Amino acid sequence: MGNFKGHALPGSFFLFFGLWWSVKYPLKHACRKNKNICYLGSRAGFQRLEFVEGIIKAVFALIGMVAEQFVPDGPHLKLYNYEKKHWDHLMNWQHATMYLFYGISGLVDIVAHGTNALPAAMDRMMLSLAVFIEGFLFCYHLHGRAMLDVHVHQLLLFAIFGAAACIFLEVFFRGSIVLEMLRTSLCILQGSWFWQIGFVLYPPNGTPEWNQTDHTNMMFLTMCYCWHYAFAFLILAVNYTIVSWAVRSKVKQSQPMEMGLLKTSERDHESEEEI
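What comes next concerns the included structure. (Residues numbered from 1 in each chain as written. Predicted model: local features only at pLDDT ≥ 70, side-chain atom pairs only at ≥ 80, totals over all residues. Heavy atoms only, no water.)

1. Describing empty space enclosed by the protein
At step 1: Per the stated rule, a full pass over the model turns up four cavities of 30 Å³ or more.
At step 2: Estimated volume of the largest cavity: approximately 120 Å³.
At step 3: In terms of lining, the largest cavity is formed by 13 residues, of which the most central are Phe14, Trp21, Leu127, Val131 and Cys187.
At step 4: Sorting the residues of the lining of the largest cavity by element identifies helix H1 (4-33), helix H4 (122-139), helix H5 (147-172) and helix H6 (177-201) as the ones contributing at least two each.
At step 5: Of all the elements, H1 adds the most residues to the lining of the largest cavity, at four residues.
At step 6: Residues belonging to the lining of the largest cavity are distributed by class as follows: 10 nonpolar, one polar and two charged. (1 Å grid on protein atoms, 1.4 Å probe; cavity = no way out; pocket = protein on both sides within 12 Å on 5 of 7 lines; lining within 4 Å. Points joined across faces, edges and corners; volume = space filled by probe spheres on them. Helix = DSSP H or I, 4+ residues; strand = E, 2+ residues; numbered from the N terminus. Nonpolar A, V, L, I, M, F, W, Y, C, P; charged D, E, K, R; others polar.)

2. With respect to the packing of H4 against H5
At step 1: Running from N to C, H4 and H5 cross one another at 160 degrees; their axes reach a closest spacing of 8 Å. Between H4 and H5, the crossing angle belongs to the class labelled roughly antiparallel. The hand of the H4/H5 crossing is left-handed. Where H4 approaches H5, its residues Arg124, Met125, Leu127, Ser128, Val131, Phe132, Glu134, Gly135, Phe136, Phe138 and Cys139 are matched on the opposing element by His153, Leu156, Leu157, Ile160, Phe161, Ala163, Ala164, Ile167, Phe168, Glu170 and Val171.
At step 2: Considering only residue class, the contact of H4 with H5 consists of 16 nonpolar, three polar and three charged. (Axes fitted to C-alpha atoms, helices over the stretch in contact; angles between N-to-C directions. Parallel < 35°, antiparallel > 145°, perpendicular 65-115°, else oblique. Left-handed = near helix turned anticlockwise from the far one by under 90°. Contact = heavy atoms within 4.5 Å.)

3. Details of the packing of aromatic side chains
The geometry of two aromatic rings is summed up by the distance between their centres and the angle between their planes.
At step 1: For the coordinates displayed, the defined rule picks out 25 aromatic pairs.
At step 2: With 5.1 Å between their ring centres and 90 degrees between their planes, Trp193 and Tyr225 make a pair best called edge-to-face. Here Trp193, found in helix H6, pairs with Tyr225, found in helix H7 (residues 215-274); they are 32 residues apart in sequence, far enough to count as distant.
At step 3: Among the aromatic side chains, those forming a connected cluster through ring pairs are Phe13, Phe14, Phe16, Phe17, Trp21, Tyr25, Phe60, Tyr102, Phe138 and Phe194.
At step 4: The ring of Trp21 carries Arg183 above its face, with NZ or CZ at 4.4 Å from the centroid. (Phe/Tyr/Trp six-rings, centres within 6.5 Å; stacked < 30°, edge-to-face > 60°. Lys NZ or Arg CZ within 6 Å of the ring centre and 35° of its normal.)

4. Some remarks on a nonpolar patch on the surface
At step 1: Taken together, the side chains of Leu9, Phe51, Val52, Ile55, Val59 and Ile63 define a hydrophobic patch exposed on the protein surface, amounting to about 450 Å² of accessible area.
At step 2: Residue placement: Ile63 occurs in helix H2 (residues 43-70). (Patch = residues over 30% accessible without salt bridge, like charges linked within 9 Å, V, L, I, M, F, W, Y side chains within 5 Å. Areas by Shrake-Rupley, 256 points an atom, 1.4 Å probe, with all protein chains shown as cover. Salt bridge = Lys/Arg side-chain N within 4 Å of Asp/Glu carboxyl O.)

5. Examining the pattern of salt bridges
At step 1: With the rule as written, the count across this model stands at nine salt bridges.
At step 2: Here Arg124 makes a salt bridge to Asp123, at a shortest N to O gap of 2.9 Å.
At step 3: A relative accessible area of 4% places Arg124 in the buried class.
At step 4: For Asp123, a relative accessible area of 2% corresponds to the buried category.
At step 5: Across the pair Glu170 and Arg183 runs a salt bridge, and its minimum N-O distance is 2.7 Å. Within this pair, whereas Glu170 is found in helix H5, its partner Arg183 is found in helix H6, the two being separated by 13 residues in sequence.
At step 6: Put simply, Lys24, Glu50, Glu53, Asp123, Arg124, Glu170, Arg174 and Arg183 are held in one network by salt bridges that share partners. (Buried < 20%, exposed > 50% of the residue type's maximum accessible area, 1.4 Å probe, protein only.)

6. Let's talk about unusual backbone geometry
At step 1: In this structure, His76 takes a positive phi of about 55 degrees despite not being glycine.
At step 2: By secondary structure assignment, the location of His76 is in the loop between H2 and strand E1 (80-81).
At step 3: The phi torsion at Leu77 lies on the positive side, around 70 degrees, for a residue other than glycine.

7. Some thoughts on the environment of Met65
At step 1: Note that Met65 resides in helix H2.
At step 2: Counting along the chain gives 30 residues from Met65 to His95, while the straight-line C-alpha distance between them is 7.6 Å.
At step 3: In this view, Met65 contacts Ala96, Tyr99 and Leu100; residues no more than four positions away in its chain are not counted.

8. A closer look at the side chain of Lys28
At step 1: For Lys28, the location among the structural elements is in helix H1.
At step 2: Setting aside residues no more than four positions away along its own chain, Lys28 makes contact with Phe46 and Glu180.

Structure follows, in structure tokens:
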């Protein structure tokens, strides 16, 4: 992860799931109120989505682990260098460990929603642990690094531990649209901030590097972090509005059809009585 691509990959991972959840959970909430016109409103429909989501999560995690191990300057599954007598590429190993727990979370999703072997709440419990492990690893990931480098990663920890706490609450309050949307906003924030870290620490295309010791850069990036979160809320608001409008439109279209069917059945009943 010690380059621009290494931050863009997890950033894309979190943005993908955050944007998907920003559509999925408003749709789920709207479908609960209108089950008769929304197939996905059924428990089986959303269970299939959770199952597919677990597969995608496991695949993304596997890609991340392979990338961290087998990049040209990676450890290639070598943990200790016996010639130089020190640990080998521990940063890559930490990143791979992070992906490992997200992969386990994906596998738990697959088992919990594809079989009856696990309680459904295990998917949230394992996801909460995976996010916590990510933050736990980052806490001991910054020793001896430049001031700005430490600061942008510390800002990331707020989103990580906030998401871990939110997902843990979902174990006990499953289906809460407030917790689901809060988790989604923190996921989008984490994804966009990974990209921001990549641009700050490893500017692509010959862009001038940031001054790692300038305090004003820290002030600006703290403010920029808040802008990222505001942008995440904007995405949630737009997607929630679009999904709600689409479901309401479908409800209005189905009402005349239901009235027509009701009138037809009434006429048939009257004809039977006349006969």
